[in-house]
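# Examining the three-dimensional arrangement
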Amino acid sequence: MGINYEELDEKWQNKWNESKVFEAEPDGRKQILITAAWPYPNTALHIGHFLTYGTTDTYAKYMRMKGYNVLFPMGFHKTGTPVLAIAKRITAKEEEIIDDLTNIYHISMENIEKMSDPNFVAQYFSASVEHAMKKAGFGIDWRRKFTSIDPLFSKMVEWQFYKLKEKGYLVKGNHYLGWCPNENNAVGQHDTKHDVQPEIERIVMVKFRENDSDAAFACATYRPETLYGVTNLFINENEKYVLAEINGDKLYISKKVSELLSYQFDIKTIKEIEGNELKSKMAINPITNEVIPLLHGFFVKPDFGTGIVMSVPAHAPFDYVALKKLEKEGIAIPKEPYKQVIEIRGESDKNNIPSLVHLALFGWNDKSSSDIVERATKELYKKEARNGYMTVGDYAGMDEPAARTAITEMLKKENKALDLYVLINEEDVYCRCGTRVVVKQVNDQWFIDYGNKEWKEGVRNYLDKIRIYPEKMRHSYKMIVDWLDMKAAERAQGLGTKFPFNPDHIIESLSDSTIYMSFYTFSNILHENNIKPENLKGEFFDYVFNSKGDLEGVSKTTGIDSLIIDKCKKSLDYWYTFTSRHSASELIPSHLTMYIFNHVALFPEKFWPKQIVTNGMVIYEGEKMSKSLGNVVPLTDALKKYGADPLRMNIVANSDLGMDSDFREASVNGIKSRIEYLFAFVENLAATRNMGTNEGLKNIDFWLYSRLSKKIKTATELFDDVMIKSAYDEIFYNSVNELKRYNEMGGSNKIVLEEYITEVIKMLTPVMPHISEELWHMLGNNSLIVNEKWPVANESLLNPQLEVYENIIDATAIDITHTIDLTSKMQDNKGKKIEKIKIIIASEWKLDAYNVLAETKKISEAITRAGKDKEKTAKFLSQFKNPKELVGRLDLNMKEMQNSFNEVKSFFENKFNSEIVIESENESTSGRSARALPQKPSIEIIWK
RNA sequence: GCAGGGAUGGCAGAGCUUGGUCAAAUGCGCAAGGCUUAGGACCUUGUGUCUUAGGGCUGCGUGAGUUCAAAUCUCACUCCCUGCACCA
């Protein structure tokens with residue numbers, strides 16, 4: 001049987017649309033506002049995006065059925081450079097992007113050409129995303145849609161920044177970033193060749209005075225604590241150096257560096273000097289005041305740091321190797337022994353310096369490549385950082401990392417060192433234009449100060465009150481709240497809201513999206529009433545968010561009708577007191593934590609986040625999705641190919657929160673076959689529905705009821721914790737299995753079946769809304785199932801006792817299968833057929849003794865209560881060496897046990913194609929009867 | 001480097017909070033049989049190892065420890081993944 005999913009999807013999507021079920025307005029019900037991170041329209045959606053949005057929608061549909069008035073809105077994030085970047089790359093006719101758009105997303109050449117206009121890019125893809133979301137069956141209230149560059153929304157962002165400044169959370173500071181000297185632009189990851197992120201690190205530039213002048217040699221170092229062990233400086237004799245004035249100091253640096261550093265310091269070159277000439281000079285160690293020589297270091301790079309390196313042969317393998325090399329060339333080098341200043345706990349080779357010890361570790365000799373030296377260096381640095389402590393100087397005894405910080409601070413305080421920012425990427429970083437990227441210092445930048453102590457404290461305290469799913473992520477939030485610090489808030493290029501205190505810049509794109517969810521609660525009201533941006537003055541937001549001022553006054557200042565303002569405020573009050581925020585977990589370190597911070601800063605506590613749900617990412621057939629692997633599947637293609645519901649099931653219900661969802665095409669088939677089973681089942685049930693039997697309920701019926709109640713209970717608990725996969729294992733997979741088992745075991749009560757399937761279909765609705773609607777209507781209902789109530793478990797139908805018997809029957813069936821298998825191989829049974837199978841149920845006294853044991857966990861008690869059968873009871877019970885292993889009460893009852901087995905007798909006869917005899921141990925003549933255990937009947941296979 | 005998370009059977013992934021019911025759920029893969037015009041669809045059974053009656057042995061990164069008992073608790077080690085700021 002084939003199901004036309006595409007037709008089915010469209011049919012029900014139209015119905016929902018017509019009846020506006022997902023357009024939410026405040027009413028008397030309890031409410032929830034569910035938002036997902038808004039998509040960035042620089043590309044179409046692919047199945048990787050589906051997990052977040054699908055999970056959000058599934059949860060929204062669940063909450064609807066639980067009786068909540070659910071608002072699930074959506075907007076688009078257009079801020080920043082990616083949209084511009086697409087337009088730029090299209091304008092430059094970059095083949096790669098044109099190929100992607102054509103081959104992956106099937107976009108026509110005509111439309112691609114239009115994409116040289118960034119507005120068209122954003123407009124095209126937001127329409128495409130919206131279309132895909134509708135095809136997926138998402139219950140979104142599209143009336144509230146807005147984008148991050150809408151003028152109305154910008155007014156709110158402006159208000160936000162005025163408030164942040166008022167509170168002192170907006171501060172000025174210096175900022176270091178990757179910079180293209182050619183284009184005069186900040187360079188981020190997508191502005192570089194090969195998309196590398198320029199990595200900037202702060203290191204220390206230590207000044208070594210020249211012994212006979214007021215100039216100094218600037219040495220860049222990661223390890224100022226080793227200053228005590230410096231024996232000389234290294235320069236590169238083949239390079240040009242300059243003497244330059246930097247921050248009022250006369251410093252020697254390499255010529256190449258002087259160019260690079262001009263973006264960080266004000267540099268005036270005094271004179272040029274050959275590296276070779278520097279070798280005649282002497283320098284003074286700023287800590288020990290020793291006078292040391294300058295020598296040629298083969299490894300000194302003229303374009304990193306300062307082009308001058310301090311030499312610590314005892315602790316830096318490279319320095320040691322360079323000195324040995326010079327020595328071989330007959331050049332005078334500092335005398336050994338080299339001073340050791342750090343010791344590693346647990347390593348005490350007093351006879352050798354650490355750099356030599358570690359070089360030896362990697363088999364170094366004077367013909368070795370620098371690769372070996374590199375490895376020795378890494379190993380030594382790692383050990384010293386972990387277990388090293390200072391052995392000399394004012395900081396002796398201090399752990400190395402602490403000493404490093406302390407010495408750096410001291411040097412800076414005494415004007416013997418300055419901070420220096422360098423790019424630490426292994427390979428040089430180039431801008432797309434081909435120019436090498438440098439570090440630029442930007443002065444007087446605005447930052448959001450997430451390091452602010454009071455603010456942080458407020459967030460930290462509130463964090464405990466937020467419901468976080470999965471709960472295990474709470475720890476991450478805590479760490480990130482503590483770690484978050486100054487965040488640059490303005491940016492020179494890209495789309496977005498103008499920065500209020502520097503209109504040449506825009507507000508950085510993460511920072512303009514921290515409170516936008518609140519805007520959904522009244523964006524439709526603003527649109528409907530044609531409110532103009534100039535009317536959305538700060539007073540409006542002060543009033544709506546913080547109840548500041550009086551309605552009439554605000555209406556007068558803003559020129560907005562007081563009824564409208566009032567409506568906005570009431571809508572916010574209604575929706576924003578219970579919110580659920582959804583995104584992928586990768587946004588925890590950035591967006592989600594900033595989202596909490598900004599709410600705490602700007603709103604009264606009732607509007608602060610109530611719960612945050614994060615999911616993993618989608619992987620495809622076990623592999624990460626990426627363009628280079630060619631496994632990026634556009635969402636619209638997948639929806640068409642598999643149908644919305646099988647896809648929802650296969651991605652959304654394929655993983656619980658906190659782990660990745662592996663999309664496998666093969667599992668779609670399994671899902672589809674179960675869906676088809678349900679269709680056939682419902683069809684069949686509908687056809688015979690009115691022929692309900694009059695027979696009484698059998699054990700198997702009570703079993704099905706018990707399973708149903710338990711299923712509802714478990715699924716509800718799981719769903720409340722957004723454990724969608726686990727919930728659907730129970731609702732979908734297990735239900736199909738139970739129906740099959742019910743049928744096999746001779747269950748046939750139509751009324752029971754109808755009740756069961758109805759509740760199951762309701763529970764399927766959140767993840768498979770289209771299929772559920774169809775099945776619901778096949779069952780003769782006219783309402784929309786998305787409007788139905790989520791089932792409530794009928795606890796009185798829970799029957800664990802009955803399930804115990806059913807489990808015993810199951811286990812017995814398995815044992816019989818095993819036993820047949822084994823006995824068929826026996827010599828005596830070769831060529832024979834099974835005549836009959838005896839199932840021998842243990843004697844009543846065994847059941848009694850076992851029950852007592854299960855209840856009391858005491859063998860002695862069971863023996864005492866056994867009365868006249870003490871002796872055989874003791875013997876029987878002795879096999880349960882550890883009564884504690886028996887969990888809970890079993891209350892096995894002879895009659896019920898026999899009834900249960902009798903009910904499935906004909907099923908067993910069919911299954912094993914043999915006569916089945918059910919007897920009790922007492923009446924049995926079988927030699928195996930004594931083996932019968934209470935929870936495990938004895939089995940005898942009789943071959944003939 | 002800093003921070004966080006993880007290591008379970010051929011693979012993916014439960015279980016580990018509250019140690020025993022765990023040879024270890026579920027799904028995939030694989031094997032055999034069935035169904036079928038056919039099937040990559042579906043159904044049944046099997047899938048560490050030994051075993052001619054439902055049993056035993058080994059086993060959950062490595063090493064040690066706690067315990068009558070450890071995948072589960074403690075410690076050390078090794079390896080892996082993710083994020084690190086202007087990038088959405």
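Right, let's walk through the structure included here. None of these values were measured; they are calculated from a predicted model.

Rules of the game
As a convention, each chain's residues are numbered from 1 in the sequence order in which they are written. All chains are assigned letters beginning with A, and all ligands numbers beginning with 1, in the order in which they are written. Only residues with pLDDT of at least 70 get local features here, since the model is predicted, and only at 80 or more are side-chain atom pairs given and counted; chain-wide, interface and lining totals rely on the full set of residues. For the side-chain quantities, the full set of heavy atoms in the structure was used; hydrogens and water were omitted. Under the DSSP-based scheme used, a helix requires at least four consecutive residues in state H or I and a strand at least two consecutive residues in state E, with every element numbered from the N terminus. For this measure, only C-alpha atoms enter the radius of gyration; the expected value for a globule follows 2.2 Å times N^0.38, where N is the number of residues. Buried residues are those whose accessible area, probed at 1.4 Å on protein chains only, stays under 20% of the maximum for their type, while exposed residues exceed 50% and partly exposed ones sit between those limits. The contact criterion used throughout is that any non-hydrogen atoms of two residues lie within 4.5 Å. Areas reported here follow the Shrake-Rupley algorithm with a probe of radius 1.4 Å; residue values treat only the protein chains shown as occluding. In this tally, Asp and Glu contribute negative charge and Lys and Arg positive charge; neither His nor the terminal groups of the chain are included. Where a charge lies is defined by one atom per residue type, namely NZ (Lys), CZ (Arg), CG (Asp) and CD (Glu). Nearness is judged by heavy atoms alone; a residue qualifies as near a molecule or strand once a single heavy atom is within 4 Å of it. Pairing of N or O atoms within 3.5 Å defines a polar contact, subject to two protein rules: one partner must be a possible hydrogen donor and the other a possible acceptor, and residues neighboring in sequence count only if both atoms are side-chain atoms. Here the term charged refers only to Asp, Glu, Lys and Arg, the term nonpolar to Ala, Val, Leu, Ile, Met, Phe, Trp, Tyr, Cys and Pro, and the term polar to all other amino acids, Gly among them. We define the nonpolar core as a collection of buried residues of types Ala, Val, Leu, Ile, Met, Phe, Trp, Tyr and Cys that are connected through side-chain atoms lying within 4.5 Å of one another. To be clear, the arc concerns the directions from the helix axis to the C-beta atoms. Think of a 1 Å grid over the protein atoms and nothing else: a 1.4 Å probe that fits but is trapped marks a cavity, an open set flanked by protein within 12 Å on at least five of seven lines marks a pocket, and residues with an atom within 4 Å of a point count as lining. Grid points are joined across faces, edges and corners, and a volume is the space filled by probe spheres set on the points.

### Section: the overall build of chain A
Assigned secondary structure in chain A consists of 33 helices and 30 strands. Taken against the 2.2 N^0.38 rule, which gives 30 Å for 944 residues, the C-alpha radius of gyration of chain A at 38 Å runs more than 25% over that of a compact globule. In terms of overall dimensions, chain A has a C-alpha envelope of 115 × 80 × 55 Å along the principal axes. The buried share of chain A, taken over its 944 residues, is 53%. Contacts in chain A between residues far apart in sequence, at least 24 positions, make up 76% of those at least 6 positions apart. If you sum the accessible surface of chain A, you get close to 42,000 Å²; carbon and sulfur atoms cover 48% of it. Charge centroids of chain A, computed over 122 positive and 135 negative side chains, lie 3 Å from each other.

### Points about the protein's contact with RNA strand B
Among the 48 residues in the neighbourhood of RNA strand B, the closest are listed as Y40, K487, R491, M659 and M826. When atoms of RNA strand B within 4 Å of the protein are sorted by moiety, sugar and phosphate together comprise 49%. Taking T81, its side chain carries an N or O atom lying 2.9 Å from a phosphate oxygen of RNA strand B. D815 places a polar side-chain atom, nitrogen or oxygen, 3.1 Å from a base nitrogen of RNA strand B. Residues of the surface near RNA strand B, tallied by class, amount to 15 nonpolar, 19 polar and 14 charged.

### What to know about the nonpolar core
Side chains of a nonpolar character, in soluble globular proteins, are inclined to be buried together. Among the nonpolar cores identified, the biggest contains 124 residues, and Y728 and F908 are the most heavily contacted of them. Per-element tally for this core: the top contributor is helix α24 (residues 699-720), with nine residues. Among residues more than four places away in sequence, those in contact with Y728 are M649, A653, F719, Y733, M763, L764, P766 and V767. Core analysis: the next-biggest nonpolar cluster, separate from the first, contains 68 residues, F161, I468, M473 and F540 among them.

### With respect to helix α32 (residues 894-903)
Of the positions making up α32, those classed as buried are M894, M897, S900 and F901. The arc that holds every buried residue of α32, seen down its axis, measures 135°, which confines them to one face.

### Thoughts on the layout of surface pockets
Estimated volume of the second largest pocket: approximately 1,500 Å³. In terms of lining residues, the second largest pocket is bounded by 44 residues, among which Y222, K301, F304, E374 and I424 are the most central. Contributing elements (two or more residues each) for the lining of the second largest pocket: β5 (200-210), β6 (216-221), α8 (255-260), β13 (309-311), α10 (317-328), α12 (370-387), β16 (417-423) and β17 (438-449). Element by element, the count of residues in the lining of the second largest pocket is highest for α12, at four residues. Considering only residue class, the lining of the second largest pocket consists of 24 nonpolar, nine polar and 11 charged.

These results come straight from atomic positions and should not be treated as a statement about function.
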